[in-house]
Amino acid sequence: MPDRSVLSKLWGVSLLWGGNYVASAYLLREFSPILLSFSRLVVMSLFLVAVALVNRSMRRPTKREWLLLLYAGITGTLINQLFYFTGLQHSTAGNAALIVALSPIMTTMLARVFLKEVITGRKLTGSVLALAGVICIVLYGGKSLGISLGDIYLLLATLGMSVSLLFIRRLTTGMSSYEVTIYATVIGTILMSPAVGYESLAGQAKWSHHAASWLLLAGVAVIGQGLAGFWWNKGIAVAGPSVSAMFMNIPPFVAIVVSHFVLGDPIRAAQIGGGVLILAGVALANWRPRPRPRAKGQEAVGL
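Analysis parameters
- Residues numbered from 1 in each chain as written.
- Predicted model: local features only at pLDDT ≥ 70, side-chain atom pairs only at ≥ 80, totals over all residues.
- Heavy atoms only, no water.
- Helix = DSSP H or I, 4+ residues; strand = E, 2+ residues; numbered from the N terminus.
- Buried < 20%, exposed > 50% of the residue type's maximum accessible area, 1.4 Å probe, protein only.
- Contact = heavy atoms within 4.5 Å.
- Areas by Shrake-Rupley, 256 points an atom, 1.4 Å probe, with all protein chains shown as cover.
- Core = buried A, V, L, I, M, F, W, Y, C linked by side-chain atoms within 4.5 Å.
- Axes fitted to C-alpha atoms, helices over the stretch in contact; angles between N-to-C directions.
- Parallel < 35°, antiparallel > 145°, perpendicular 65-115°, else oblique.
- Left-handed = near helix turned anticlockwise from the far one by under 90°.
- Nonpolar A, V, L, I, M, F, W, Y, C, P; charged D, E, K, R; others polar.
- pLDDT = per-residue confidence, 0-100.
- Phe/Tyr/Trp six-rings, centres within 6.5 Å; stacked < 30°, edge-to-face > 60°.
- Expected span 1.5 Å × (residues − 1).
- Salt bridge = Lys/Arg side-chain N within 4 Å of Asp/Glu carboxyl O.
- Patch = residues over 30% accessible without salt bridge, like charges linked within 9 Å, V, L, I, M, F, W, Y side chains within 5 Å.
- Polar contact = N/O pair within 3.5 Å; in protein donor to acceptor, adjacent residues only side chain to side chain.

Undergrad: Give me the overall build of the protein: which residues, what numbers.
TA: Scanning the protein from N- to C-terminus turns up 13 helices and zero strands. Walking the protein from its N terminus toward its C terminus, one meets helices and strands in the order α-α-α-α-α-α-α-α-α-α-α-α-α. Within the protein, the proportion of its 303 residues that are buried is 44%. Within the protein, contacts between residues separated by at least 24 positions form 86% of all contacts whose residues are at least 6 apart in sequence. In the structure as shown, the protein presents an accessible area of about 16000 Å², 67% of it carried by carbon and sulfur atoms.

Undergrad: Outline the nonpolar core, listing residues and values.
TA: In this structure, Tyr21, Leu36, Tyr84, Leu102, Leu155 and Ile278 are the most contacted members of the largest nonpolar core, which totals 35 residues. Counting only elements with at least two residues in this core, the list comes to α1 (4–27), α3 (63–89), α4 (93–100), α5 (103–114), α6 (121–140), α7 (149–171), α12 (251–262) and α13 (269–286). Counting residues per element, this core draws most heavily on α4, which supplies six residues. Once residues within four sequence positions are removed from consideration, leucine 36 is found in contact with Ser24, Leu27, Leu28, Phe31, Phe85 and Leu217. With 10 residues, the next largest nonpolar core counts Val6, Leu10, Phe247 and Ile250 among its residues.

Undergrad: Can you lay out the packing of α5 against α7 for me, pointing to particular residues and giving the numbers?
TA: Where α5 contacts α7, the axes come no closer than 9 Å and their chain directions differ by 55°. Taken as axis vectors, α5 and α7 run oblique relative to one another. Handedness of the crossing formed by α5 with α7: right-handed. Seen from α5, the contacting residues are Ser103, Met106, Thr107, Leu110, Ala111 and Phe114; seen from α7, they are Leu155, Thr158, Leu159, Met161, Ser162, Val163, Leu165, Leu166 and Arg169. Considered class by class, the residues forming the contact of α5 with α7 number 10 nonpolar, four polar and one charged.

Undergrad: Provide a residue-level description of the confidence of the model for the protein, including the pertinent values.
TA: Per-residue confidence for the protein averages 83 on the pLDDT scale, and 87% of its residues sit at or above 70. At the low end of the mean pLDDT range in the protein sits helix α11 (residues 241–246), at 61; at the high end sits α3, at 93. The low-confidence segment residues 296–303 (pLDDT under 50) makes three contacts with residues lying over four places distant or belonging to another chain.

Undergrad: Lay out the packing of aromatic side chains in plain terms, naming residues and giving numbers.
TA: Scanning all chains against the criterion turns up six aromatic pairs. Each ring, one from tyrosine 71 and one from phenylalanine 167, has its centre 5.3 Å from the other, and the planes form 40°; the classification is tilted. With tyrosine 71 in helix α3 and phenylalanine 167 in helix α7, this pair connects stretches of sequence that are 96 residues apart. Residue classification places tyrosine 71 among the partly exposed positions, given a relative accessible area of 35%. One aromatic cluster is present, built from ring pairs that chain together Tyr21, Tyr84 and Phe85.

Undergrad: Could you give an account of α12, naming the residues involved and the relevant values?
TA: For α12, built from 12 residues, the straight-helix expectation of 16 Å at 1.5 Å per residue is met to within 8% by its first-to-last C-alpha distance of 16 Å. For α12, every residue scored as buried is listed here: Pro251, Pro252, Val254, Ala255, Ile256 and Ser259.

Undergrad: Describe the environment of tyrosine 21, listing the residues and the values that go with them.
TA: For tyrosine 21, the location among the structural elements is in helix α1. Spatially, the C-alpha atom of tyrosine 21 lies 7.6 Å from that of glycine 94, the residues being 73 residues apart in sequence. Not counting residues within four places of it along the chain, the set of residues in contact with tyrosine 21 comprises Tyr84, Leu88, Ala93, Ala96, Ala97, Val100 and Ala255.

Undergrad: How would you sum up the pattern of salt bridges? Please name residues and give values.
TA: Tallied over the full model, the rule gives one salt bridge. The salt bridge partner of arginine 59 is glutamate 65, with a shortest N-O separation of 2.8 Å.

Undergrad: A description of a nonpolar patch on the surface should follow, citing residues and the corresponding values.
TA: Nonpolar side chains collect at one region of the surface, where Val257, Phe261, Val262, Ile267, Ile272 and Val276 lie side by side and expose about 550 Å² of accessible area between them. For the nonpolar patch, the secondary structure elements donating two or more residues are α12 and α13. With three residues, α12 is the single largest residue contributor to the nonpolar patch. Structurally, phenylalanine 261 can be placed in helix α12.

Undergrad: Requested: an account of the side chain of glutamate 65, with residues and values cited.
TA: Relative to the assigned elements, glutamate 65 resides in helix α3. A distance of 2.8 Å separates polar atoms of two side chains, one belonging to glutamate 65 and the other to arginine 59. Aside from chain neighbours lying at most four places away, what touches glutamate 65 is Arg59, Leu171, Gly174 and Met175.

Pasting the structure below:
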């Protein structure tokens, strides 16, 4: 049984990540999407770099690793963040959380195409269930039957994240996830500079004049993303991926409930039904049966 403090941190991560969607949707009322994304990334990058300088645990990547980090930064930070905040502006926090929950399934399918990984029948069934859930949310999650442009952007953001995970998987064979996260985040933040510059020159940049909004932005970046990410990695290391994965089912429903009470977003049957299908599909695709205990007296060889 994992330590209670570790389980408490995993619960905390689930609640923080669920609340992040609501906080981001709230901040979009006072910030333009690209400026909000860039500002949050700058704060998070500064936090991560400060932690790295204190720990003095970073090493210089090789040329091949720099290239993979560039790809991870483009897809997982630049593309993901641009489409995520633009989509969230035209959708709801609940829909965003549920669609992003599709990422493990997308990564599995992309790994099959590009890395030639084998997809079992269980993973295929889980993928179909999750896809059905997304279709349910996209088609029926609004006020009327139809496809929301915001939800399409959120799907593209999730696709960007899923592609980046393929590069991260390659990188973590020689680098720690801690190092990859810091380098990829900083690279993605630098790459987003032209986008926020264009938004400003086009006269579309908007920012809050309230200190409380900037404090919320900093809190989301440092606590909701940076600190929660360290807690998550600790949970995987101590409790194991199977236990940690169960907590990933919590953020979407936290986002739906909190956004209902904080932002006034309605809770729709399509969100609940689609969310259940997505999470059931992800759980099925990632489920691994426990090995049977070996009977006494049996030898390891020849069983």
